[in-house]
Amino acid sequence: MKRSRLPLITLLLVLGFFYLPVGYFVANSFNASAFGTTWEGFTWHWYARLWEKRELWVACQNSLVVAAWAAGTSMVLGTLSAFALHRWAKSRLQRAHRALVMTPLVVPDILMGMSLLALFVSLGAELGLATISVAHITFCLSYVALVVLARLQDFDFTLLDAARDLGAGRWTAARRVFLPLLAPGILAGGLLAFTLSIDDFVITFFVSGPGSGTLPVRVYSMMKRSRDLPVINALSTLLLALTFLIVFASQYLTNRNPSAAQKP
């Protein structure tokens, strides 16, 4: 029986739909044309112009600071949240806890941004990097919790019992056995949180203040001026490369064999 080529054709069409626009702006980041309508030769000019855009690098620094805080805090709170959800899954309190963890994943970003803005204004908080970091933690925490929770479902807790039987205290067993085995899941969740934080625009747009704009907000303002489009293409290409590296690292850590952490 002849194998149908329809699935392969469908796959290629879907991949083309997703990646042709990405390939277009990557190619135009090396195009000497200022408008990208025609190919006028290969050039590194737009990357050199990107290096000279000080305001972009300030926004990039703001994004990295916020993403670092959001990822680090989310790894701690998300791991604790996942452990509580796994350990006491059947309690009524943890069912409410699970609903709270899932809420940021289903609430529209614009609604979440407006709600957080109203909260910060009612508290009299000054909008800036601190409010952006808090806002990013609220949704990054949920992703970390889900990644770590999936890791906990396959975790062999008899290893902790064996460590306790061999004389290790509660904290020693957690530090020497539990955390090393769980570390790939925690790091994968942290890398995912870092990527989501850098990429966020809608929520950041609502809770950012003067001088605290992150890279997506700055790029949005630059999109209104056509002469900056090639520079944005160059910046997007660099961010795309960074995102792929982070995603590959996250996938590697997620799929890593837990027994590997037991090897000396």
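First, a word on what this report is: a plain description of the structure on this page. (Residues numbered from 1 in each chain as written. Predicted model: local features only at pLDDT ≥ 70, side-chain atom pairs only at ≥ 80, totals over all residues. Heavy atoms only, no water.)

**Description of the side chain of S29**
Part 1 of the argument: With respect to the secondary-structure elements, S29 resides in the loop between α1 (6–28) and α2 (45–52).
Part 2 of the argument: We classify S29 as buried; its relative accessible area is 0%.
Part 3 of the argument: A distance of 2.9 Å separates the side chain of S29 from the side chain of Y47, its partner in a polar contact.
Part 4 of the argument: A polar side-chain atom of S29 sits 3.4 Å from a polar atom in the side chain of T237.
Part 5 of the argument: If we ignore the near neighbours within four places in the chain, the residues touching S29 are T43, W46, Y47, N233, A234 and T237. (Helix = DSSP H or I, 4+ residues; strand = E, 2+ residues; numbered from the N terminus. Buried < 20%, exposed > 50% of the residue type's maximum accessible area, 1.4 Å probe, protein only. Polar contact = N/O pair within 3.5 Å; in protein donor to acceptor, adjacent residues only side chain to side chain. Contact = heavy atoms within 4.5 Å.)

**A few points about the pattern of salt bridges**
Part 1 of the argument: Tallied over the full model, the rule gives 1 salt bridge.
Part 2 of the argument: The salt bridge partner of E55 is R218, with a shortest N-O separation of 3.8 Å. Taken together, the residues E55 in helix α3 (residues 54–87) and R218 in helix α10 (residues 215–222) connect sequence positions 163 residues apart.
Part 3 of the argument: Residue class for R218 comes out partly exposed when judged on its relative accessible area of 28%. (Salt bridge = Lys/Arg side-chain N within 4 Å of Asp/Glu carboxyl O.)

**Regarding the packing of aromatic side chains**
Part 1 of the argument: Taken as a whole, this structure holds 14 aromatic pairs when the rule is applied.
Part 2 of the argument: Relative to Y220, the ring of F201 lies with its centre 5.1 Å away and its plane at 45°, an arrangement referred to as tilted. Here F201, found in the loop between α8 (170–199) and α9 (202–207), pairs with Y220, found in helix α10; they are 19 residues apart in sequence, far enough to count as distant.
Part 3 of the argument: Members of the aromatic cluster, each reached through a chain of ring pairs, are F30, F42, W44 and Y47. (Phe/Tyr/Trp six-rings, centres within 6.5 Å; stacked < 30°, edge-to-face > 60°.)

**Points about the packing of α3 against α10**
Part 1 of the argument: Interaxial distance between α3 and α10 falls to 8 Å at its minimum, and their mutual angle equals 150°. One finds that α3 runs roughly antiparallel with respect to α10. Together, E55, L56, A59, C60 and S63 of α3 and L215, P216, R218 and M222 of α10 make up the contact between the two elements.
Part 2 of the argument: A class-by-class count of the residues in the contact of α3 with α10 yields 6 nonpolar, 1 polar and 2 charged. (Axes fitted to C-alpha atoms, helices over the stretch in contact; angles between N-to-C directions. Parallel < 35°, antiparallel > 145°, perpendicular 65-115°, else oblique. Nonpolar A, V, L, I, M, F, W, Y, C, P; charged D, E, K, R; others polar.)

Everything listed here is a matter of coordinates, which is why it stays silent on function.
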